[in-house]
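Summary of the model geometry
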Amino acid sequence: YRVLKIKKEFDLDVVIKGSSYEYRQIDILKKEKLPIIIPLNFPQFDFENPEEAIDVSLEELIHWEYAPFNPKKLWENGIEFSFTTYGTKDLNEFFRNLKEAIKRGLPQSYTLKALTENPAKLIGVYDILGSIEKGKLAHFIITDGNIFEDGKIYEVWIEDKVYKIKEEPLIKPQGKWEITLYLPEKELKGNLEIKGDFDRLIGEILFENEKITLKKIDISLKHIDITFDSQKIGYPGIIFLSGVIENKTFKGKGILPDGKEFEFNAILKEAIEREERKKQIEVYKEPQLLSPPSEFGIKFPLKEYKSILIKNGTIWTSSQKGILKEHDILIKDGKFYKIGKNLKEKVDLIIDATGKHITPGIVDPHSHIAIKGENNETGDIVTSEVRIEDVLDPYDISIYRLLAGGVTVSNVLHGSANSIGGQNIVIKHKWGVKNPEELIFKKAILTLKFALGENPVGGDYERERFPQTRMGVEEIIKNKFKEAIDYKLEKENSKYPLRKNLELEPILEVIENKRMPYVHAYRADEMIMFLNLLKEFGIKKVSFQHALEAYKIIDKLKEFNAYVTVFSDLWAYKFEAYDGIPYNASMLFKNGIIVSLHSDFSEIARRLNTEAEKTMKYGNLKEEDALKLITIYPAIQLGIDKFVGSIEEGKDADFVIWDGNPLSTYSKVLETWIEGKKYFDREEDLRMRERDEKERFRIIQKYLMERKERKMEGERP
């Protein structure tokens, strides 16, 4: 998806170098029809028993099982691709994995195409390479059979030059021989039989009804060496035979276990032609893929209900209506349609909420979940050009875990390593979607991360760069604001189209009040500094994050109508946090400031309800007001209060069903719904845990069996 976004944004022609995970995104690849180069680097593990597999996730195990199906899934969906050896340790592994893909349904004809015609077309040389046709360059290989089965490559031709990969032996020892060993004490007559391929000959020798399996057979030109256990013929140990085959005669010298030499002679009585191996028909059933293909995967898309009636619940509206007991909610087309008592309507689903509590979906205004990789771009002090939306990961398990805590919306932020960081994005927790775009809450306001204090001047990051002080941080931000204004004037007055400055564009949006600054700040003095800076440049909105000393400057914050997001009771974990107090949130609330509680950590996000409960202890907030700090107030801050944050007619049907008071430590989330679709169900969750445990051990056992088989086969390609 990131590739497609860049392609669209800059109108590029692109080729995708794949990863063997393409089966997860078949729909978008089929739609876009982009050329793909795929590796055959199927995953392998080091564990040899289930206990050693404890650190291997179900997601990794599922990928191990499904990766060999990847080429087949692309082929059957009409997606053109070429193979690459990139990522495989050697050609043996490449061909072994190629055969595994064929066993799982990839046709041999398309396999050849993906190795020849497709790559030739991709690099623009199909007029001279990629097929055997008159007039094309003579690039071809010679094999002793089907290379996609048991065939071996003997020669590679590049125009008029031949490169011999494997020499054809000058002798064919396969056959039945009459052999005589001229031992020091006696002559011993027997029958020798040799069969198999040249690189893996097997055989046996028969003396006086004693059948002995040959231990080893080696060929070099016309020379052949044989060893066998001679215990059964009265010579404890190993006998070694070494000789030459000419004119159907095999003769040479042998060595007894005691070192004495002797001569031998064998006459070919019947040649054994190479046997075509019986093709073992292996049936590989394609596993069913859930979405995401990991723990707690679900069948997607989810079941949709055009209409839902929730009966007789206690409804925490987070609106002026407060808490409504024994009320009903009618939902139509994913929206709250009507709230009242004794509602009657013919609907697709009725939920009996007797004894249960219904709240709006919780909104987390400061989160770092669902990011692929790091959330801090630490390479520069200003990184406003980077976008969190470009690295959203819909498969992050935190999305599901937060649903289990009743959280339906998160504002996903860039980190605080920079004076001016990256562009943030608001998401809904639609667990199971494949496209990161489907997570994005497009109606939310745009925000840009700023950071003051310890973090941008060094903090936990080892670096030597400007700024090293708080005054340097202010200067950096002020200079960038001025640069953005100059950039705007230059655009307006330029005679020619001006190159788009990806760093200054989002900063200019802040200046023009199209994007709100989202400011990591702890101390009162630096928040005042930033407020003065905003006034200087005419910026109307701001949201301070963490804001542990906000209670000191309530008048300043109220005057500016600033938003504030705080921890419930974290303080003193670093020097600039020493003056934090647990009464911060309640003091701000009581003074009319739009204040929210945030997580900053995915573990806190799972229990934001009990974080809100703390404001009842520290500040005596009413329980309905405490809930507002994690519902409607963060929704107001993010500009989405017209759509979520409270249970009101016309808003998105994002709601949570609890088995008790939602602000109680003992209450559990039973169900979490987004836009009238159920994304979390506690009973289903318990079933999925059992399902995933069984699936995990099934794949582990399958891996261990295949590992054992490969060891027995000596990892032959």
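Above this text is the structure in question.
Residues numbered from 1 in each chain as written. Predicted model: local features only at pLDDT ≥ 70, side-chain atom pairs only at ≥ 80, totals over all residues. Heavy atoms only, no water.

In this section: the overall build of the protein. Helix and strand counts for the protein come out as 19 helices and 31 strands. A globule of 717 residues ought to have a C-alpha radius of gyration of about 27 Å, yet the protein, at 36 Å, is considerably larger. Based on the C-alpha atoms only, the size of the protein along its principal axes is roughly 115 × 70 × 50 Å. A buried classification covers 50% of the 717 residues belonging to the protein. (Helix = DSSP H or I, 4+ residues; strand = E, 2+ residues; numbered from the N terminus. Rg over C-alpha atoms; globule rule 2.2 N^0.38 Å. Buried < 20%, exposed > 50% of the residue type's maximum accessible area, 1.4 Å probe, protein only.)

Moving on: the environment of Gly-580. For Gly-580, the position within the fold is in the loop between strand E27 (563-566) and helix H14 (584-590). Overall, Gly-580 belongs to the buried group, its relative accessible area being 6%. In the structure, Gly-580 is positioned 13 residues away from Phe-567 in sequence and 9.3 Å away in space, judged by C-alpha atoms. When residues no more than four places from it in sequence are discounted, the contact partners of Gly-580 are Leu-548 and Trp-571. (Contact = heavy atoms within 4.5 Å.)

We now examine the pairing of strand E2 (residues 36-39). Two elements, strand E1 (residues 16-17) and E2, share two bridges in a ladder whose sense is parallel. Residue pairing across strands places Ile-16 opposite Ile-36, the latter belonging to E2. You can see the chain leave E1, run along helix H2 (residues 26-32) and come back into E2, and the turn it takes is right-handed. Of the strand pairs in this sheet, E2 and strand E3 (residues 81-84) are connected by four bridges, and their pairing is parallel. Each residue of the ladder has a partner; that of Ile-37, found in E3, is Ser-82. (Pairing = 2+ DSSP bridges. Right-handed = clockwise from strand over helix to strand, strands pointing away.)

Omega for the bond connecting Ser-291 with Pro-292 falls within 30 degrees of zero, at -5 degrees, which places this linkage in the cis form. Position of Pro-292 relative to the elements: it lies in the loop between strand E14 (261-271) and strand E15 (307-316). Omega for the peptide link from Phe-300 to Pro-301 comes to 5 degrees, which places this bond in the cis form. Inspection of the secondary structure puts Pro-301 in the loop between E14 and E15.

With antiparallel pairing, three strands are arranged side by side in an open sheet as E4-E5-E6. With partners counted over all chains shown, the strands left at the sheet margins are strand E4 (139-143) and strand E6 (161-164), one partner each. Ignoring strand direction, the axes of neighbouring strands in this sheet form an average angle of 20 degrees. In the sheet, E4 pairs with strand E5 (residues 153-158) via five bridges, with the strands oriented antiparallel. Considered in E5, the bridge of Phe-140 is made with Trp-157. (Axes fitted to C-alpha atoms, helices over the stretch in contact; angles between N-to-C directions.)

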